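Listed here are the chains, written in short residue letters.
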Amino acid sequence: MAVGRRGGTGPRRLGHTGLPSGGQPWPRIWWCPVGLSALLPLHAAGHHADGGPDTVLDRVVSSYTATIRALAHSDRARSRPRQAASVLVVSVPDAPGAPPLPGAAAEARVLERLLPAATILRSPGHATVIEALPQHEITHFACHGVADLLTSTENRLLLHDHRERPLTVTAISGLRLDHGELAYLSACSVTHTTAFHADETAHLTAAFQLAGYRAVVGTLWPVNDRAAAMITEDFYRGLLGPGTSDPDPTLAATALHHAVRAHRARHPALPTQWAAHVHHGR
C-alpha cells in the first residue's frame, strides 16, 4: 500500500512527459508493501517500453518503509542542526571466498574524487567498521551482500573477516547510531526477502534504519557491478550543490530517483540493471 504522498504545498500538474512542470518539486510517495508485494519493485511499475509517462518512475519520487513506525522514527527531530556531513566509505572488492568485485574499488575511487574529505576504509574488518560508524553521518558500503534464504536475520555484508565475524542483520540492528543520516548499501540483495519471510522486516536495509539512519539506499536483487558504480556516481552528484563537496543527505530520495532514471535511459530494456535500487525512510 502507499502510505503517503508529499511534494511542496499544492497540487502537482504533470506535463505530457510525466515530468513536473513549471519547475515544481516532484511529488513524493512512500510504499509500505505487505505480503508478497514486498518482493516487487513497486517504484518501477508501468509501461517503460513505449517511452511515455505511464510509469511510477516518471511521475513520483518513491521511497519505502518496512512499517509506519519505522517511517515515524526516521522523521524524528535531530538533536543538533545540520552541518557538513562526515562520510565513511567501506570498500571490500576482495572478500575471502567471494568473487572479485572490481566495481567496489571503482566506487571508492569515484567517491574519493567527489568527496575528498571522506574517510575511505579499504577491505576493513568487522571491528574497524563498527568503531568508525558512529563517527560519520553518511556511510557507503561497496561490497558483497548475502541473503540467507533460511534465516533472514543472518543476511550479511561481507567484510574482510566475514568468516569469523559476519556483519549480520542482528549485529547491525543492535547498534545505536543516533547521528546517522544516510547509509548507502551498494551490495546485492540487501533489501531482499523471500516468500517465506515476506511479512518480516529482517533485511539489511531495515536493520540500518533500526540502528538509527534516517535514510537507507539498498537493492532488491543482485546488481550488475558496472551498473552499481554508475548509479552510485550519479547519486552522489545529486547530493552535491554547485561548487561544493558537502553532500546533503536530505536529498537522498530525489538523488536516487534521478540516478535510476539516468541509468534506465542507458538501458531501457534491462530493468534488472536499474530497478533494483530502492530508498527507505526520509
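In case you missed it, the structure is sitting above this.
A few points on the structure. (Residues numbered from 1 in each chain as written. Predicted model: local features only at pLDDT ≥ 70, side-chain atom pairs only at ≥ 80, totals over all residues. Heavy atoms only, no water.)

1. Observations concerning the overall build of the chain
Counted only if it meets this: We count a stretch as a helix when DSSP gives it H or I for four or more residues in a row; a strand needs E for two or more, and each element gets its number in order from the N terminus. Whether a residue is buried, partly exposed or exposed follows from its accessible area with a 1.4 Å probe, protein chains only, as a fraction of its type maximum: under 20%, in between, or over 50%, in that order.
When its secondary structure is counted, the chain shows eight helices and twelve strands. When the 282 residues of the chain are sorted by exposure, 53% land in the buried category.

2. Topic: the packing of aromatic side chains
Test applied: Between the rings of Phe, Tyr and Trp (Trp by its six-membered ring), a pair exists once the centres lie within 6.5 Å; its type follows the angle of the planes, with under 30 degrees stacked, over 60 edge-to-face, and the other angles tilted. Definition used: whenever NZ (Lys) or CZ (Arg) falls within 6 Å of the ring centre and also within 35 degrees of the ring normal, the charge is taken to sit over that ring.
Following the criterion strictly, the structure yields five aromatic pairs and no others. Taking 5.8 Å as the distance between ring centres and 35 degrees as the angle between the ring planes, the aromatic pair formed by Tyr184 and Tyr236 counts as tilted. Of this pair, Tyr184 sits in strand E10 (residues 182-186) while Tyr236 sits in helix H6 (residues 225-239), placing them 52 residues apart in sequence. The burial state of Tyr184 is the same as that of Tyr236; both residues are buried. The structure contains a cluster of three or more aromatic residues connected by ring pairs, namely Phe141, Phe208 and Tyr213. Above the plane of the ring of Trp30 lies Arg282, whose end atom (NZ or CZ) is 4.6 Å from the centre.

3. Overview of the packing of H6 against helix H7 (residues 252-266)
Geometry of a packed helix pair, given as the angle between the helix axes and the separation of the axes. Selection rule: In this analysis an axis means a line fitted to C-alpha atoms, helices contributing only their contacting stretch, and an angle means the value between N-to-C directions, from 0 to 180 degrees. Orientation categories follow fixed angle ranges, with anything under 35 degrees roughly parallel, anything over 145 roughly antiparallel, 65 to 115 roughly perpendicular, and all other angles oblique. Each crossing gets its handedness from the near helix: less than a right angle anticlockwise from the far helix is left-handed, clockwise is right-handed. Whether two residues touch is decided by their heavy atoms; if any such pair falls within 4.5 Å, the residues are in contact. Throughout, the ten residues Ala, Val, Leu, Ile, Met, Phe, Trp, Tyr, Cys and Pro are labelled nonpolar, Asp, Glu, Lys and Arg are labelled charged, and all others, Gly among them, are labelled polar.
The interhelical angle for the contact between H6 and H7, taken along N-to-C directions, is 135 degrees, at an axis separation of 8 Å. Classified by the interaxial angle, the pair formed by H6 and H7 is oblique. H7 is crossed by H6, and the crossing has right-handed handedness. Residue-level inspection shows Ala227, Met230, Ile231, Asp234, Phe235, Gly238 and Leu239 of H6 in contact with H7, the latter providing Ala252, Ala255, Leu256, Ala259, Ala262, His263 and Arg266. Of the residues in the contact of H6 with H7, the class split is ten nonpolar, two polar and two charged.

4. Digging into the pairing of strand E6 (residues 138-142)
Put simply, the test is: Strand pairing is assigned whenever DSSP identifies at least 2 bridges connecting the two strands.
Within E6, five of the five residues are buried, leaving the element largely enclosed by the surrounding structure. Judged by which residues are buried, E6 turns out to be covered on both faces: Ile138, His140 and Ala142 on one side and Thr139 and Phe141 on the other are all buried. Bridge count between strand E4 (residues 87-91) and E6: five bridges; the pairing is parallel. Bridging across to E6, Leu88 finds its partner in Thr139. As paired strands, E6 and E10 are joined by five bridges and run parallel to one another. Opposite His140, over in E10, you have Tyr184 as the bridge partner.

5. Considerations on H7
Because an α-helix completes one turn every 3.6 residues, residues spaced three or four positions apart along the sequence face the same direction. As a reminder of what qualifies: Residue count minus one, scaled by 1.5 Å, sets the expected span of a helix.
When the terminal C-alpha atoms of H7 are compared, their 21 Å separation across 15 residues agrees well with the 21 Å that a helix rising 1.5 Å per residue should span. By the burial criterion, the buried members of H7 are Ala252, Ala253, Ala255, Leu256, His257, Ala259, Val260, Arg261, His263 and Arg264.

6. Quick look at the sheet that holds strand E9 (residues 167-168)
Across the sheet, which stays open at both edges, the three strands sit in the order E7-E8-E9 with antiparallel pairing between neighbours. Of all strands in the sheet, those with a lone pairing partner are strand E7 (145-146) and E9, marking the two edges. The pairing of E7 with strand E8 (residues 156-157) spans two bridges and is antiparallel. Bridge assignment links Gly145 to a residue of E8, and that residue is Leu157.

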